[in-house]
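What follows is the residue order along each chain.
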Amino acid sequence: VNSFIDRPWWTIGSVLLMVAWLAFLVAGTRTKQSYLLEVAPRLPRGGFADWQNKDGKLILSGWSLPEANFRWSDDSSPSICLKPEESLPMAPGGFKYSIGLELAAIDALKGKDVGLMVDGAKALQMIRMQPDWSWYWVDAEYPMSPEAICVVLNLPFTSAPSQNDSRHLGVRMRVVELR
Amino acid sequence: LNDPAAGWLALTRGDNASWFFMMLAVTTAPILFMTTWTLAGQPGYPWDAAWYRAIAQSGYEFNGDIRIQHNVAFLPGYPLLIRLVSRALSLSVAQSQRLVSIALCMVGALFYTLVFARRLGIRRAAISVLIWTLSPFSIYFLNGYAEAMLFAVSALVFDAIDRGRFAMAGLLISFIMISRPHGIALVPAVAVALLVLHATRPGGAREGIQRAAAAAMRAITLMPLMMLLPIVLTIYWYTRFGDALVYKNAIYAWQVPPIGSGFGMLARDVMRSIGDIFRSQATTQQDLFGLKMIMLKPQVMASIWLLASVFATFVLLWRKEFVFGVFCGSLIAFDLSQSDILNIGRHMVCCFAVPYLLAAYLMPARCANESQEVKAIPRRTLFASSAELVALAVTGLFLVMHFLAYTQQFLARGWVS
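Everything numeric here is computed off the predicted structure, so don't read it as measured data.

K.L.:
Explanation requested: the overall build of chain B in the structure shown.
P.N.:
If you tally the helices and strands in chain B, you get 19 helices and two strands. For chain B, the proportion of its 417 residues judged to be buried stands at 54%. Here the contacts in chain B between residues at least 6 apart in sequence split such that 74% fall between residues at least 24 apart. Taken as a whole, chain B presents about 18100 Å² of accessible surface, with 66% of it coming from carbon and sulfur.

K.L.:
Just checking my understanding: could you explain the pairing of strand β2 (residues 291-296) of chain B for this structure?
P.N.:
Residues in a regular strand project their side chains so that they alternate between the two faces of the sheet. Residues and elements named next belong to chain B. Where strand β1 (residues 283-288) and β2 come together, six bridges link them in antiparallel fashion. Along β2, the bridge assignment pairs Thr284 with Met295. Hairpin connection of β1 to β2: two residues between the antiparallel strands, including Phe289 at a positive phi of 50°.

K.L.:
Just checking my understanding: could you explain the environment of Lys297 of chain B for this structure?
P.N.:
Residues and elements named next belong to chain B. Within the secondary structure, Lys297 sits in the loop between β2 and α14 (298-318). Its relative accessible area of 34% is what places Lys297 among the partly exposed residues. The spacing of Lys297 and Ala125 is 172 residues in sequence and 29 Å in space, taken between C-alpha atoms.

K.L.:
Would you explain the nonpolar core in this entry?
P.N.:
The tendency in soluble globular proteins is for nonpolar side chains to be buried side by side. Residue and element names in this part refer to chain B. With 143 residues, the main nonpolar core has Tyr112, Phe116, Phe158, Phe327 and Phe352 as its most contacted residues. The element best represented in this core is helix α5 (residues 93-120), accounting for 13 residues. Contacts of Tyr112, omitting those with residues within four sequence positions, involve Val129, Trp132, Phe151, Ser154, Ala155, Phe158, Phe327 and Phe352.

K.L.:
Looking at this structure, I do not really get the environment of Thr284 of chain B. What am I missing?
P.N.:
Relative to the elements of secondary structure, Thr284 of chain B occurs in strand β1. For the pair Thr284 of chain B and Arg123 of chain B, spaced 161 residues apart in sequence, the C-alpha to C-alpha distance is 35 Å.

K.L.:
Where do I start with the layout of surface pockets in this structure?
P.N.:
Rolled over the atoms, a probe with the dimensions of a water molecule shows which regions are left empty. Put simply, the largest pocket is a space of about 1500 Å³. Contributing to the lining of the largest pocket are 43 residues, with Pro181, Tyr247, Ile251, Gln255 and Gln338 of chain B lying nearest its centre. Contributing elements (two or more residues each) for the lining of the largest pocket: α1 (8-28) of chain A together with α3 (48-58), α11 (228-241), α12 (246-250), α15 (322-338) and α16 (344-347) of chain B. Residue classes in the lining of the largest pocket are distributed as 25 nonpolar, 12 polar and six charged.

K.L.:
Which parts of the structure should I look at to understand the side chain of Asn343 of chain B?
P.N.:
All names here are of chain B. Looking at the element boundaries, Asn343 is found in the loop between α15 and α16. Asn343 gets classed as buried once you look at its relative accessible area, which sits at 10%. Within the local environment of Asn343, its side chain forms a polar contact with the side chain of Arg346, the two groups lying 2.8 Å apart. In contact with Asn343, not counting residues within four places along its chain, are Trp415 and Ser417.

K.L.:
Before we go on, may I ask you to explain unusual backbone geometry in this structure?
P.N.:
Excluding glycine, most residues fall at negative phi; most peptide bonds, likewise, are trans. Residues and elements named next belong to chain B. For Ser90, which is not glycine, the phi dihedral falls at a positive 55°. Within the secondary structure, Ser90 is located in the loop between α4 (77-89) and α5. Phi at Ser280 is positive, roughly 60°, even though this residue is not glycine.

The rules behind these values
- Residues numbered from 1 in each chain as written.
- Chains lettered and ligands numbered in written order.
- Predicted model: local features only at pLDDT ≥ 70, side-chain atom pairs only at ≥ 80, totals over all residues.
- Heavy atoms only, no water.
- Helix = DSSP H or I, 4+ residues; strand = E, 2+ residues; numbered from the N terminus.
- Buried < 20%, exposed > 50% of the residue type's maximum accessible area, 1.4 Å probe, protein only.
- Contact = heavy atoms within 4.5 Å.
- Areas by Shrake-Rupley, 256 points an atom, 1.4 Å probe, with all protein chains shown as cover.
- Pairing = 2+ DSSP bridges.
- Core = buried A, V, L, I, M, F, W, Y, C linked by side-chain atoms within 4.5 Å.
- 1 Å grid on protein atoms, 1.4 Å probe; cavity = no way out; pocket = protein on both sides within 12 Å on 5 of 7 lines; lining within 4 Å.
- Points joined across faces, edges and corners; volume = space filled by probe spheres on them.
- Nonpolar A, V, L, I, M, F, W, Y, C, P; charged D, E, K, R; others polar.
- Polar contact = N/O pair within 3.5 Å; in protein donor to acceptor, adjacent residues only side chain to side chain.

See below:
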């Protein structure tokens, strides 16, 4: 029974078989991330999920689920879209608003610059993240859609999605206010 | 080994005392465990044992959501055996699980006794296995976990290695690899056994290199045999679930929130557990058959067992027990990289370095001597032998009390390891 282990052709065949198996494992194995992205609910950009606060005063719809297992968007950047109860007026130049976000930096973002892009704003606004809860305001002229105002955060580490999934919000958000 | 069959010969030609020792090694742990189980009201085996029953009962189930615990996170070899026995003997899955666990524990104890007997003599071997099977975390050889499979199959592998049956050893490793991932520690053990086999042949340095190369070639040739069933299993997983290592991904559900594993975390937790001994926080009071006993907490016991195993493994290598030393060393290395303080006791249970050396060094030569010849004993020898015997008995008692306490704790659905 043991004699085959002294035959060179068996050794060569063994090496080839093991290499083929390892190649199969590499090609046929899924990552944890791919499972999570598949099962985690995601919103298309501009989509909504119900977002209700405790006292019912919030006028917006949006997206709020624990980040460990859910994503803010299926786009390449974390985004949140807010839906006012009534449609916004769409006269160009005739409607101006400010959106305020109360944010706190996670450890990885303390002191880092984050791009805050709001629908209708003229340019990406860079904000320096503070460890404490702070308000960040962006002025815009009108939203892209009469029924939605979308906020996109450009995080400094989104170029390394394997380490920090770019679809995570990546910051702690407590309040969103529209004026 | 000069005589690979020495274990069997020692058994077949052994005196009554040797038979008695061997019977003790094979039957004591199953009897104590089943007695405790009966006294506890014959509960169903909890924790992972329930997952194995589920696989044996209805096969793998997985809906693709790795945030939820699925039975695909468990390897199929052990539940497959439970299902086969259940069908062959018309038993329920729970009955079959109990039977398979006891049978595997007894097979492991028998074959380890024979394997150790070739090195230590039958009496020391039997005492070594007795200490091992009654050590605290050996409840996992009997409580419906796949550790029983690793225990039995690793014993058969070492027996096959001793007999030079490397193809058989390869096939057995293939089976354990689809039952318990820790079976991978047997792969370097077989490679070293091949190396030792070649190294014992006469020759100079150049021949030595050639022999090492020949041993390496043989080990490589054996690899597909050792990986035969894992290859089949990964193809099955890929065909059914679209993921060749779905098992590894499914474990994610048990890692949220992360406990923290790996060498750094484990080392910190082990040191903290050892520190608890000095802070008088290492013990807990437990009602053991109506007696109030002070027992070491499982994490503290696991930490002590881990450190003792590391030390004992170095001693094994120093004694030139290379195959055993490499197996135990590989098992420890695998655990240090993968395990955490909550599981390390169970993961280390097949590392036999401590019980092997306890019997080898503490069992007095006179007790281990299987010849019937009686000689006058010098007083100094008698004193030393008595001290050794007392140390062995105290160690054994300490371990068996924890074996019973942890069995009771496990059956009451407490977490042991």
